[in-house]
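Below, each chain spelled out in residue letters.
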Amino acid sequence: QVQLVESGGGLVQPGGSLRLSCAASGSFFSISGMGWYRQAPGKQREFIATATSGSNTNYRDSVKGRFTISRDNAKNTVYLQMNNLKPEDTAVYYCYALTGTRNYWGQGTQVTVSS
């Protein structure tokens, strides 16, 4: 069983930056992949970025060049560095983890980009 706790969300002005963290805890052998989704008001949850334990990464086109995903495998933690934030980035951000047996989701952290 895996529990995921996100942190780092908040209110930021357009052009600003935030760093999200998601720490995994519980009983598991290994996590094969971790990443982030987000859900904005009135929209479906959408993929943002993913990172494998082998440091392969993938990004949604709209965040390429602005967001950077990274993992600290020793700490079972995934990060999302978000730069040059736009109002369109406003959403609840959810991290996920893949263990090889099932998927796990965090509770989400609110990111609001507004002047």
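Please refer to the structure higher up on the page.
From a predicted model like this one, the values you see are computed outputs, not experimental measurements. (Residues numbered from 1 in each chain as written. Predicted model: local features only at pLDDT ≥ 70, side-chain atom pairs only at ≥ 80, totals over all residues. Heavy atoms only, no water.)

Asker: Can you tell me about the environment of Glu6, naming the residues and giving the values?
Answerer: Checked against the element boundaries, Glu6 lands in strand β1 (residues 2–7). A relative accessible area of 11% places Glu6 in the buried class. The sequence separation of Glu6 and Cys22 amounts to 16 residues, and the corresponding C-alpha distance is 4.3 Å. Among the polar contacts made by the side chain of Glu6, one reaches the main-chain amide nitrogen of Gln107 at a distance of 3.0 Å. A polar contact of 2.9 Å, which involves the side chain of Glu6, links it to the backbone nitrogen of Gly108. (Helix = DSSP H or I, 4+ residues; strand = E, 2+ residues; numbered from the N terminus. Buried < 20%, exposed > 50% of the residue type's maximum accessible area, 1.4 Å probe, protein only. Polar contact = N/O pair within 3.5 Å; in protein donor to acceptor, adjacent residues only side chain to side chain.)

Asker: Now, about the pairing of strand β5 (residues 46–52): what can you tell me, with residues and values included?
Answerer: Taken across its seven residues, β5 has five buried, putting it largely inside the fold. By the bridge criterion, six bridges tie strand β4 (residues 33–39) to β5 in an arrangement that is antiparallel. Along β5, the bridge assignment pairs Tyr37 with Phe47. In this antiparallel pair of consecutive strands, β4 and β5, the connection spans six residues, and Gly42 shows a positive phi of 75 degrees. Pairing of β5 with strand β6 (residues 57–59), which is carried by three bridges, proceeds in the antiparallel orientation. Across the sheet, Ala49 pairs through a bridge with Tyr59, a residue of β6. Hairpin connection of β5 to β6: four residues between the antiparallel strands, including Ser55 at a positive phi of 75 degrees. (Pairing = 2+ DSSP bridges.)

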